[in-house]
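These are the residues of each chain, in order.
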Amino acid sequence: MTINLTDPIFTDEDKAREHLEAIRWPDGPYCPHCGEVEKIYRLHGKSHRPGLIHCNSCEQAFTVTVGSVMERSHVPLNKWVLAYRLICSSKKGMSAHQLHRMLDVTYKTAWFMAHRVRESMNDAAPSAIGGADKVIEADETYVGGKAKNRAYKPEPKKHIVMTLVERGGKARSFHVKNATAKTLRETAVKIASRKSYLMTDENPAYTKLGREFSGHGTVNHSANEYARLGGFVHVNSAENYFSIFKRGIIGTFHHISEAHLHRYLAEFDFRYNNRAGLGVEDNERSEKAIRGSGGKRLYYQESRPTAHA
């Protein structure tokens, strides 16, 4: 991760506003209230806040943050741009405490900003993965601490995460209620093309599901088998995703509550799906996240902190 912290978009609010406008309004500003693109003009009066635009069609005023997760935020725009860049560039995520120190904002503000950035990363209508002649790897993992790490307390509740990875492509992760064949099937078929070749471990819950795909290959992890048929049959792509996700939990966030698990999964999916291996570099990744902020709002009451991540 290389960031030029002297770049004006990270230090000057006017430059940051121009940067956001170029990303969110590539064809010029439009009214987020009514969609007007012509009968709008900028307000430059001393009593007007910077970047304010008035719409003659609906008589409403707006700025580049209206209609996005940044709406009504009092955080300077240059700090928002830097927050997006930092989170999008950190492979294992960035804690709210680290953002709090780097952005010079309160911990509560940093925590809420981080969740709003994750909301920007969330793909509300994800496209299906896989297809003819493509391979999908499916696996599940458990998120939660261990009893030996908790003095005089019972073992914490484990949360199950199922991830489907198109080999050489994108990943889709889900917080599932259990690891039964019924639940895993319902999760897999809503996002994975059954024209694909399915790869799983020896979990019998995948046996029936595998028959619905064009083919089904398994490896027996309990027998220390991790690849076979010349390395074609494996779930190493899914295991690689989990290794990055687990390092983020253990080394960066330390604890993730069940209420916010889906937001963290969206964050790690976004970075994985926009990784350098697919030709997406840090700057492009952060710009894509900023574009994803449109049409979304997240209120503090919906995401009150229950963890010190």
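Everything below is about the structure printed above this text.
Residues numbered from 1 in each chain as written. Predicted model: local features only at pLDDT ≥ 70, side-chain atom pairs only at ≥ 80, totals over all residues. Heavy atoms only, no water.

S.K.: Tell me about the overall build of the protein chain, and name the residues and values.
M.R.: A tally of helices and strands in the protein chain yields ten helices and eight strands. Seen through its C-alpha atoms, the protein chain measures out along the principal axes to roughly 75 × 50 × 35 Å. By residue count, 50% of the 309 residues in the protein chain fall in the buried class. Within the protein chain, contacts between residues at least 6 apart in sequence are counted, and of these 61% link residues at least 24 apart. Charged side chains of the protein chain number 46 positive and 34 negative; the gap between the two group centres comes to 5 Å. (Helix = DSSP H or I, 4+ residues; strand = E, 2+ residues; numbered from the N terminus. Buried < 20%, exposed > 50% of the residue type's maximum accessible area, 1.4 Å probe, protein only. Contact = heavy atoms within 4.5 Å. Lys, Arg positive; Asp, Glu negative; His and termini not counted. Charge placed at Lys NZ, Arg CZ, Asp CG, Glu CD.)

S.K.: Which residues make up the side chain of Ser-237, and what are the values?
M.R.: Locating Ser-237 in the fold gives a position in helix H8 (residues 236-253). If sequence neighbours within four positions are ignored, Ser-237 has contacts with Glu-137, Val-165, Arg-167 and Tyr-272.

S.K.: Go over the side chain of Thr-252, please, and point to the residues and values.
M.R.: Inspection of the secondary structure assignment puts Thr-252 in helix H8. In terms of polar contacts, Thr-252 uses its side chain to reach the backbone carbonyl oxygen of Lys-92, at 3.3 Å. When residues no more than four places from it in sequence are discounted, the contact partners of Thr-252 are Lys-92, Gly-93, Met-94, Ser-95 and Arg-247. (Polar contact = N/O pair within 3.5 Å; in protein donor to acceptor, adjacent residues only side chain to side chain.)

S.K.: Just give me the short version of the packing of helix H5 (residues 107-121) against helix H9 (residues 261-273), but keep the residues and values in it.
M.R.: Between two packed helices, both the angle of their axes relative to each other and the distance between the axes serve to describe the pair. Following both chains from N to C, one finds H5 and H9 inclined at 60°, their axes separated by 8 Å at the closest point. When the axes of H5 and H9 are compared, the pair comes out oblique. When you trace H5 past H9, the crossing you get is left-handed. Taking contact as the criterion, the partners of His-115, Arg-118, Glu-119 and Met-121 in H5 are, on H9, Arg-263, Tyr-264, Ala-266, Glu-267 and Phe-270. Looking at the contact of H5 with H9, its residues break down into four nonpolar, one polar and four charged. (Axes fitted to C-alpha atoms, helices over the stretch in contact; angles between N-to-C directions. Parallel < 35°, antiparallel > 145°, perpendicular 65-115°, else oblique. Left-handed = near helix turned anticlockwise from the far one by under 90°. Nonpolar A, V, L, I, M, F, W, Y, C, P; charged D, E, K, R; others polar.)

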